[in-house]
Amino acid sequence: MQTMLLVVAVMAMQQPASPRRTFEVLLAPQLNALTIASDRLEGLQGLAGLEGLAGLAGLEGLQGLQGLSELDGYDMLDAVSPPAFQDAQDPTDSLWRAARQAFNRGDYTSAANLYGDLMRRYPNATRAGDALYWAAFALYKNDNLDRARSLLVDQARQYPKAATLRDAAALLARVQTALARQGDEDAARWVRDHAQPADTTRAASCPTEDDEDDMRVAALNGLLQMDAANALPILKKVLARRDACSAGLRRKAVFLVSQKRSAETEDILLDVAQHDPDSEVRQQAVFWLSQVPTDRAVGMLDSILKTATDQELQEKAIFALSQQHSPRAGAILRAYAERADAPSETREKAIFWLGQQHSNDNAEFLRGLYPKLTEEDLKEKVIFSLAQMGGAENMRWMMDLAVNEREPVEMRKKALFWAGQSGADLGQLATLYDRMQNREMKEQLIFVYSQRHEAAALDALIKIAKTEQDRELRKKAIFWLGQSHDPRAAQVLLEIINQ
């Protein structure tokens, strides 16, 4: 026993080239449940205790923001950059690389000149059409709007198969909007014309991506910023369509409506949430009801939770309710979390979002909900949510759960882990070790101490390393002392080596 402890202490101090391998050889068999050290050494990514972070899956409610990514062509232009060069044998490569570097460092004048030079010198090259787009983009960034517009028109006429043609259409709408705001009547007329919905008569089969829709939505966005009174009726026309081919356009229109608050916003979103035939469009409308803080919107979201069979729609409703911050919305979420007939996955989302609202009502509800639950995943979400709330009462509840031998060991371990991560009193945590009879719980406590930086946590590890009768537990404490940079830890390791 003493020899093994000596080896562990020496290895802890030496910081070998492959700490993970050393740990696997010496300690991995004893850490089967937690994989503690390897996780610590590699970013703590796989810790059993960290499984509670699965509660963050509740953030999937934010997937409704996908409506933003679909508007990249005109709403998020600042987020894109030219693609990297691919073929060192391409004669345009050096120009393309130089232009890309200039663009990425914000030298848009040089970038526009270099892309333009590429197009002029190699008009038949594969990259020539795309070079026109990036030159226009650089000019747009430099507020050279007339020239940017001219290049985009040239690209559409000369390079109809350019890979960037769809992006160029959206950029043209952005450029025209900017020119219209400066008083350019032709640009304003262009924006109004291109914002109009297309003829609803289409072929029986339609493409999955419609270039015209991209430009139209970009123009609609510009018109909405310029003249909301004229844009909203057009958006309502778009949303009144029910054909399958316009579903993508309607989804983007829902986003646009949600961003321009008016007396009609609520009516439009509620109508789409109830009547649009496409489930994704309905989901977008429900998601953006999160930004409509009215009793009517809350009532609609409540109705969806009670009657909808589409689980994704229910999850969007749960997210929307979590953003309302009204007593009624909170009560609806609590009622749903308690529903035994609801899908576990959506109940988990409700529990998660309740944990993000730090209210006494929610905390009391979750503490009372825990003993009623039978599924471990739901119990784990309650523990995680209470840890997110913090507070003395929730910390006491988790500590009581950790020492309750009638509870499953896994739940006790998670309560202990999250109590430690959430700032539970270290004095209380330190006294738990001697009270614990279960060996797994002692292992978990050692890890919890290792994650705290207070002197009392190091004291607890030192005591275990010196006095614990179970050599495997001592080895774990010694290992974690070796990960500390405290001089006292080094001194203890030296004492163990010299024994």
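Residues numbered from 1 in each chain as written. Predicted model: local features only at pLDDT ≥ 70, side-chain atom pairs only at ≥ 80, totals over all residues. Heavy atoms only, no water.

**Q** Go over the overall build of the protein chain, please, and point to the residues and values.
**A** Along the backbone of the protein chain there are 29 helices and 0 strands. Out of the 499 residues belonging to the protein chain, those deemed buried represent 51%. (Helix = DSSP H or I, 4+ residues; strand = E, 2+ residues; numbered from the N terminus. Buried < 20%, exposed > 50% of the residue type's maximum accessible area, 1.4 Å probe, protein only.)

**Q** Lay out the packing of aromatic side chains with the relevant residues and their values.
**A** In the structure shown here, the tally under the stated rule is 19 aromatic pairs. A centroid spacing of 5.5 Å and a plane angle of 80 degrees characterise the contact between F103 and W134, whose relative ring orientation is edge-to-face. Here W134 lies in helix α8 (residues 128-141) and F103 lies in helix α6 (residues 93-104), a separation of 31 residues in the sequence. We classify W134 as buried; its relative accessible area is 5%. Each ring, one from Y133 and one from F137, has its centre 5.9 Å from the other, and the planes form 55 degrees; the classification is tilted. (Phe/Tyr/Trp six-rings, centres within 6.5 Å; stacked < 30°, edge-to-face > 60°.)

**Q** Lay out unusual backbone geometry with the relevant residues and their values.
**A** Glycine aside, the phi torsion of most residues is negative, and most peptide linkages are trans. Phi is positive for D143, which is not a glycine, with a value near 65 degrees. If you trace the backbone, D143 turns up in the loop between α8 and α9 (145-158). Under the relative-accessibility criterion, D143 is labelled exposed at 62%. Here the phi dihedral of H325 falls at roughly 60 degrees; this positive angle occurs in a residue that is not glycine. Relative to the elements of secondary structure, H325 occurs in the loop between α18 (311-322) and α19 (327-337). Relative accessible area serves as the criterion here: at 60%, H325 is assigned to the exposed category.

**Q** Quick one: what's the story with the nonpolar core, residue by residue and with numbers?
**A** In terms of nonpolar packing, the biggest core is built from 152 residues, with L289, L366, V382, I383, M398, L429 and L481 touching the most fellow members. Ranked by residue count, the leading element in this core is α8, at 11 residues. (Core = buried A, V, L, I, M, F, W, Y, C linked by side-chain atoms within 4.5 Å.)

**Q** Which residues make up helix α21 (residues 360-369), and what values go with them?
**A** When we look at burial in α21, the residues that qualify are N362, A363, F365, L366, R367 and L369. Buried residues along α21 sit in contact with α19, α20 (344-355), α22 (376-389) and α23 (392-403). (Contact = heavy atoms within 4.5 Å.)

**Q** Tell me about a negative patch on the surface, and name the residues and values.
**A** Residues E345, E375, E376 and D377 make up a contiguous surface patch of negative charge. Within the secondary structure, E375 is located in the loop between α21 and α22. We classify E375 as partly exposed; its relative accessible area is 34%. (Patch = residues over 30% accessible without salt bridge, like charges linked within 9 Å, V, L, I, M, F, W, Y side chains within 5 Å. Areas by Shrake-Rupley, 256 points an atom, 1.4 Å probe, with all protein chains shown as cover. Salt bridge = Lys/Arg side-chain N within 4 Å of Asp/Glu carboxyl O. Lys, Arg positive; Asp, Glu negative; His and termini not counted. Charge placed at Lys NZ, Arg CZ, Asp CG, Glu CD.)

**Q** Describe in detail the environment of A456, supporting the description with residues and values.
**A** By the secondary structure assignment, A456 is in helix α27 (residues 455-467). Through-space distance from the C-alpha of A456 to that of A430 is 7.6 Å; in sequence the pair is 26 residues apart.

**Q** Talk me through the pattern of salt bridges; I want residue IDs and the actual numbers.
**A** In total, this model carries 34 salt bridges according to the counting rule given. We note a salt bridge from R149 to D146, for which the minimum N-O separation is 3.1 Å. Taken as a pair, R149 and D146 lie in helix α9 at a separation of 3 residues, close to a single helical turn. Relative accessible area serves as the criterion here: at 18%, R149 is assigned to the buried category.

**Q** Would you mind going over the packing of helix α14 (residues 247-259) against helix α15 (residues 265-275) in detail, with residue names and values included?
**A** Closest axis-to-axis distance for the α14/α15 pair is 9 Å, and the angle between their directions is 150 degrees. Considering the angle they form, α14 stands roughly antiparallel to α15. The two elements α14 and α15 cross, and the hand of that crossing is left-handed. Judged by residue contacts, V254, V257 and S258 of α14 engage T265, I268, L269 and V272 from α15. Residues that form the contact of α14 with α15 fall into these classes: 5 nonpolar, 2 polar and no charged. (Axes fitted to C-alpha atoms, helices over the stretch in contact; angles between N-to-C directions. Parallel < 35°, antiparallel > 145°, perpendicular 65-115°, else oblique. Left-handed = near helix turned anticlockwise from the far one by under 90°. Nonpolar A, V, L, I, M, F, W, Y, C, P; charged D, E, K, R; others polar.)

**Q** Explain helix α25 (residues 426-435) residue by residue, including any values.
**A** Considered for burial, the residues of α25 that qualify are L426, L429, L432 and Y433. Viewed end-on, α25 has its buried residues packed into an arc of 105 degrees, placing them on one side of the element. Counted as exposed and oriented over 90 degrees from the buried face of α25: D434 and R435. Buried residues in α25 make contact with α23, α24 (409-421), α26 (439-450), α27 and α28 (471-482). With a side-chain oxygen lying 3.1 Å from the backbone nitrogen of G427, the N-terminal cap of α25 falls on D425. (Arc of directions from axis to C-beta. Polar contact = N/O pair within 3.5 Å; in protein donor to acceptor, adjacent residues only side chain to side chain.)

**Q** Before we move on, could you go through the side chain of S385 and cite the residues and values that matter?
**A** Looking at the secondary structure, you find S385 in helix α22. The buried category is assigned to S385, whose relative accessible area is 0%. A polar side-chain atom of S385 sits 2.9 Å from the main-chain carbonyl oxygen of I351. Discounting chain neighbours no more than four positions away, the residues touching S385 are I351, F352, G355 and L366.

**Q** Before we move on, could you go through the packing of α18 against α19 and cite the residues and values that matter?
**A** Two elements in contact, α18 and α19, have axes separated by 9 Å at closest approach and are oriented at 140 degrees. Between α18 and α19, the crossing angle belongs to the class labelled oblique. When the axes of α18 and α19 are compared, the crossing they make is left-handed. When α18 is examined against α19, the residues Q314, I318, L321 and S322 are found in contact with a partner set consisting of A329, I332, L333 and Y336. Among the residues forming the contact of α18 with α19, the class breakdown is 6 nonpolar, 2 polar and no charged.

**Q** Tell me what's going on with the confidence of the model for the protein chain, and back it up with residues and numbers.
**A** Taken over all residues, the pLDDT of the protein chain has a mean of 82, while the share at 70 or more is 80%. Here residues 15-50 scores under 50 on pLDDT; set against residues more than four positions off or in separate chains, the count is 64 contacts. Taken as a whole, residues 64-79 scores under 50 in pLDDT and shows 36 contacts with residues more than four places along the chain or in a different chain. (pLDDT = per-residue confidence, 0-100.)

**Q** Now, about the environment of F255: what can you tell me, with residues and values included?
**A** Looking at where F255 falls in the secondary structure, it is placed in helix α14. Between the C-alpha atoms of F255 and A285, which are 30 residues apart in sequence, the distance is 7.9 Å.

**Q** Which residues make up the environment of Q155, and what values do they have?
**A** Relative to the helices and strands, Q155 resides in helix α9. Leaving out residues up to four positions away in the same chain, Q155 has contacts with G129, D130, L132, Y133, P160, A162, T164, L165 and A168. Looking at Q155, its side chain comes within polar contact range of the main-chain oxygen of G129, at 3.0 Å.

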